[in-house]
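Per-entry structural report
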Amino acid sequence: MNLTFTEEEDAFRQEVRAWMQEAMPEGLRRAAQGAGGLNFEESVEWHKLLYAKGWIAPHWPKELGGTGWDATRRFIFNEELEMVGALRISVLGLSMVGPLIMQFGTEAQKQRFLPKILRGEEFWCQGYSEPNAGSDLASLRMTAEDAGDHFIVNGQKTWTSWAQNADWIFCLVRTDPAAAKKQNGITFLLVDLKTPGVDVKPMLTLGHAPAFCDTFFDNVKVPKENIVGGLNQGWTVAKALLGHERTLLALIGPSRHVLHKLKHIASTKTVNRRPMLEDPKWRAKIARLEMRFRAHLMVSYRALSDQQKGKMPGPEASILKLVGTKLIQELTELAMEVMGENSLTWYNEGVCAPIEESIGPYFCYERSATIYGGSNEIQRNVIAKMILQLPSR
Amino acid sequence: MDFELDQEQQMLAKTVSDFAKNESPVERFRKLRDDGTGYDPAVWRKMGELGWLGVPFVESVGGFGGSFIECAIVLENLATTLVPEPYLASVVLGGMTLARAGNATQHESYLTPMIEGESTLALAYSEAQSRYDVSAIETTATPDGSGYRLLGEKVWVLNGHRADHLIVSAKASGGVTLFVVPREAEGVNVTVAKTIDGQEAAFIKLDNVAVADDARLGEEGSGAVVLDRTMDYAAAAAVAEGVGIATTMLQMTVDYLGTREQFGVKIGSFQALQHRAVDMYAESELLRSISMASMVRADEEDPRTRRGDISAAKYQLATGGIWVAQQSLQLHGGIGVTDEHDIGLYFKRMYALNALFGDQEHHVARFASEPSSF
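The structure displayed is predicted, hence computed values, not measured ones.

Bringing the overall build of chain A into the picture now. Across its full length, chain A holds 13 helices and 10 strands. For chain A, the C-alpha radius of gyration of 22 Å lies close to 21 Å, the compact-globule estimate for 393 residues. For the C-alpha atoms alone, the extent of chain A along its principal axes is close to 75 × 50 × 50 Å. Across the 393 residues in chain A, those meeting the buried criterion constitute 41%.

As structure tokens, this is what we get:
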């Protein structure tokens, strides 16, 4: 057993950190650390800088534009990226639909879509949830009717984050309403958002980022060549994505980032005329969460240690989303508490320090953490069944 | 970064776990508890023969030159069936202290026989007012001829009523100092007290006990630093044991949920209980993961890299580990609160581990006061 990074890995971290310090323009840096984080244009600018460096898709195969780094270097890179300012909309292409196209797509699809994802020329959003299909995703109703060489798509998708900026949407649609098992009548379909009949209506989230959308489809014509993974095979494709997401949602980088901010804020505020960070009670509150973070970090290191050896992470990786999302909520909540009355601030300039301005919106945004990517209640259902093998009714 | 045990470590884990299952099932703990014997010197000798008592010690004293990781492996696996032999008290508390503080002659006289399973040790460090501070002691060591006289009272000395030798902390003019004292020396008055987990500990009155100069471990005043270090080993050891306890309790509970029927169905099919079980799984995996960090860190000399993960691990035992114990009992229903069912025995052991070597508040305060944590 060995819990330290090697000298080469530490040097790699320094190299990544130094480059990010140098390459990220001051304006982007300020925006990333401020209220709401990077907006769409800023995120695209950051994407293109990373692409030019060759670091945009470390987890992709080298021949498709990846870096060829091992699991540990990818982990380190992600941590550093999340510390300076995580990419936003890019993730949907790079980490969600991209890997699925690689795994299930045709050669033509790979050539058509992957390079544009890589270069930041096309952005993607996800069309899974519907107003009446949330946790019970398999009951989705958006239809794709067979019309010869194409489908006619009708219905509504919701929580389609960044659809207002995206070029394409990857959807789960119902292609066989008569299938005995509802999971078997679903197809994974790529839709160009510029197609006539598509209507995107953004809505504000609690964090006031215009991230969510309702996306409506009214007799939208979609060529059959946009099926990924075969007709009525959509559920299998979607499940593969859940596997990709598992370690992504441990939120190690974001947690570390908030912990840093939290301590910084506590060092600038006073209680009984002394810095809060010197007050044993406040230090203890922070310490409790930091110790929890360490335990969580060790679970993700265990998964990393498996991946580094080319093995699938063990069953304990299934708790990463459950623990990490709760932790980020507790951390942002403590940051709010440390700010006291300053936690009232909402997208002001010059009222509070920028780092404090960033907390409220982020706190609100991460209320979604325990809901997105399969709500934590659904996660528990799955772990109870798949890992603890508890009986079903 | 590698969290996998090497091949020898995996083999050690398997051997100890097989021993626990086959040769010391919980009934054995129960029997020795009920007949007042506590543990069996013959089994202790066998552990010595198998080499388990020497895993963390250097070869020159008869050890196997391993690391604390091997110690933690033995502890975790012995805990799965509550094996009562005094591994923690004798190998970790007594042995690690002696190994660090003693000279070659003292190692040969006291440590080597313990490693061989011929004797056991105990560490008498805590006093009524100590509250996890190894320096907050009132026992004195007064010069007397070429040696010392020890005067004071020690509390909750694990294995203190059976050990061949006690390691006693006392204040000499140079500060906290450690001495080796035969349990049967004149003036050592031992009272046995039962503990919540079905074991026993000793209250020890030292009534002007005469010790020779060569019973002193190290220089006068060197004791506190050694004991601080031992407490880190002990905390990591308690956590390793806690992993064995938590994992076993979780498995027993999952098994129970899968067999017990009410309302005509297995109760494990109820979502409320499934979700509870999943949260128990999460807490026990967090405990196992941070325990791995603490067992590796325990051997680090630099306190700045050693303490953080050890406190974090003991904190997780106090929060997550205790919670797993509570919920295991709750999910067993009425049978869980009988002495007849094993689950309660594990429950009590978890609380004993929680109370030893720094509780939740102690480790939160320590972590919070550590500049390197912040």
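Text resumes after the structure shown.
Turning our eyes to something else, we now look at the overall build of chain B. Secondary structure summary: chain B contains 11 helices and 10 strands in total. The C-alpha radius of gyration of chain B comes to 21 Å, within 12% of the 21 Å expected for a compact globule of 374 residues. When the backbone C-alpha atoms are referred to their principal axes, chain B occupies close to 80 × 50 × 40 Å. Burial analysis of chain B (374 residues in total) assigns 53% to the buried set. Here the analysis covers contacts within chain B between residues at least 6 apart in sequence; of these, 72% occur between residues at least 24 apart.

Once that is clear, we can look at the interface of chain B and chain A. Facing 37 residues of chain B, the contacting portion of chain A comprises 36 residues. Of the residues assigned to the side of chain B that touches chain A, the class counts are 23 nonpolar, nine polar and five charged.

Turning to the packing of helix 8 (residues 252-268) of chain A against helix 10 (residues 320-339) of chain A, a few remarks are in order. Residues and elements named next belong to chain A. Where helix 8 meets helix 10, the closest approach of the two axes is 10 Å, and the angle between their N-to-C directions is 15°. Taken together, the axes of helix 8 and helix 10 are roughly parallel relative to one another. Helix-helix and strand crossings are classified by hand; for helix 8 and helix 10 the assignment is left-handed. Facing helix 8, whose interface residues are Pro-254, Ser-255, Val-258, Leu-259, Lys-261, Leu-262, Ile-265 and Ala-266, helix 10 presents Gly-324, Leu-327, Ile-328, Leu-331, Thr-332, Leu-334, Ala-335, Val-338 and Met-339. Taken together, the residues that form the contact of helix 8 with helix 10 break down as 13 nonpolar, three polar and one charged.

A few words on the packing of helix 4 (residues 71-84) of chain A against helix 9 (residues 280-308) of chain A. All names here are of chain A. For the pair helix 4 and helix 9, the least separation of the axes is 8 Å and the interaxial angle reads 140°. Relative to helix 9, the element helix 4 lies oblique. Residue-level inspection shows Ala-71, Thr-72 and Phe-75 of helix 4 in contact with helix 9, the latter providing Leu-304, Gln-307 and Gln-308. Class assignment of the residues belonging to the contact of helix 4 with helix 9 gives a composition of three nonpolar, three polar and no charged.

Turning to the domain arrangement of chain A, a few remarks are in order. All names here are of chain A. According to the domain assignment, chain A contains domain 1 (7-88), domain 2 (124-233) and domain 3 (249-386). Between the C-alpha centres of domain 2 and domain 3 there is a distance of 32 Å. In this assembly, six residues from domain 2 lie in contact with eight residues from domain 3. Taken together, the residues that form the side of domain 2 that touches domain 3 break down as two nonpolar, four polar and no charged.

Moving on: the domain arrangement of chain B. All names here are of chain B. Under the domain assignment used here, chain B contains domain 1 (7-119), domain 2 (123-220) and domain 3 (224-373). Taken together, the contact pairs 16 residues of domain 1 with 15 residues of domain 2. Counting residues per element, the ones that place at least two in the side of domain 1 that touches domain 2 are helix 5 (87-101) and helix 6 (104-115). Partitioning the side of domain 1 that touches domain 2 into residue classes produces eight nonpolar, seven polar and one charged.

Membership of the largest hydrophobic core comes to 169 residues, with the highest contact counts inside it found for Ala-335 of chain A together with Phe-179, Ala-236 and Ala-237 of chain B. If one sorts the elements of this core by residue count, helix 7 (residues 223-257) of chain B sits on top with 19 residues. Leave out the neighbours within four places in its chain, and Ala-335 of chain A touches Val-258, Lys-261, Leu-262, Ile-265, Ile-359 and Phe-363 of chain A. Within the second largest apolar cluster, 53 residues are counted, among which are Leu-87, Leu-193, Ala-211 and Phe-217 of chain A.

In this section: helix 5 (residues 90-104) of chain A. All names here are of chain A. Over its 15 residues, helix 5 runs 20 Å from end to end, which matches the ideal 21 Å to within 8%, given 1.5 Å per residue. Residue Val-97 marks the point of greatest curvature in helix 5, where the axis turns by about 40°; the proline Pro-99 follows within four residues. Within helix 5, burial applies to Ser-90, Leu-92, Gly-93, Leu-94, Val-97, Gly-98, Pro-99, Leu-100 and Ile-101.

This brings us to the confidence of the model for chain B. The share of residues in chain B with pLDDT of 70 or more is 99%, and the mean pLDDT across the chain is 97. This complex was scored by the predictor with a pTM of 0.96 and an ipTM of 0.96.

Right, let's get into unusual backbone geometry. All names here are of chain B. Positioned with a positive phi, Arg-131 is a non-glycine residue whose angle comes to about 45°. Inspection of the secondary structure puts Arg-131 in the loop between strand 1 (121-124) and strand 2 (140-144). For Asn-159, which is not glycine, the phi dihedral falls at a positive 65°. Looking at Asn-159, the number of C-beta atoms within 10 Å reads 27, which means it is buried.

Rules and cut-offs
- In this convention, every chain numbers its residues from 1, walking through the sequence in written order.
- Note on labels: chains are lettered from A, ligands numbered from 1, in written order.
- In keeping with the predicted nature of the model, local features appear solely for residues at pLDDT of at least 70, side-chain atom pairs appear and are counted solely at 80 or more, and the whole-chain, interface and lining totals rest on all residues.
- Only DSSP runs of H or I covering at least 4 residues are called helices, and only runs of E covering at least 2 are called strands; the numbering of each starts at the N terminus.
- As a reference, a globule follows 2.2 Å times the number of residues to the power 0.38, and the radius of gyration itself is taken over C-alpha atoms.
- Any residue surrounded by 20 or more other C-beta atoms within 10 Å of its C-beta is treated as buried, while 12 or fewer makes it exposed and the intermediate range makes it partly exposed; C-beta atoms here are placed from the backbone.
- We call two residues in contact when their backbone-placed C-beta atoms lie within 7 Å.
- When residue character is reported, Ala, Val, Leu, Ile, Met, Phe, Trp, Tyr, Cys and Pro are called nonpolar, Asp, Glu, Lys and Arg charged, and the others, Gly included, polar.
- Only the contacting stretch of a helix is used when fitting its axis, a line to C-alpha atoms as for every element, and angles between N-to-C directions run 0 to 180 degrees.
- Orientation labels follow simple angle bins: below 35 degrees gives roughly parallel, above 145 gives roughly antiparallel, 65 to 115 gives roughly perpendicular, and whatever is left gives oblique.
- Helix crossings fall into two classes, left-handed where the near helix is turned counterclockwise from the far one by less than a right angle and right-handed where it is turned clockwise.
- Boundaries between domains were set according to an automatic or database domain assignment.
- What we call a nonpolar core is a set of buried Ala, Val, Leu, Ile, Met, Phe, Trp, Tyr and Cys residues whose membership is set by joining through C-beta atoms within 7 Å.
- Expected span of a helix, by definition, is 1.5 Å for each gap between consecutive residues, and there is one gap fewer than residues.
- To get the bend at a given residue, fit one axis to the seven residues ending there, fit another to the seven starting there, and take the angle between those axes.
- Confidence scores per residue from the predictor, reported as pLDDT, run from 0 to 100.

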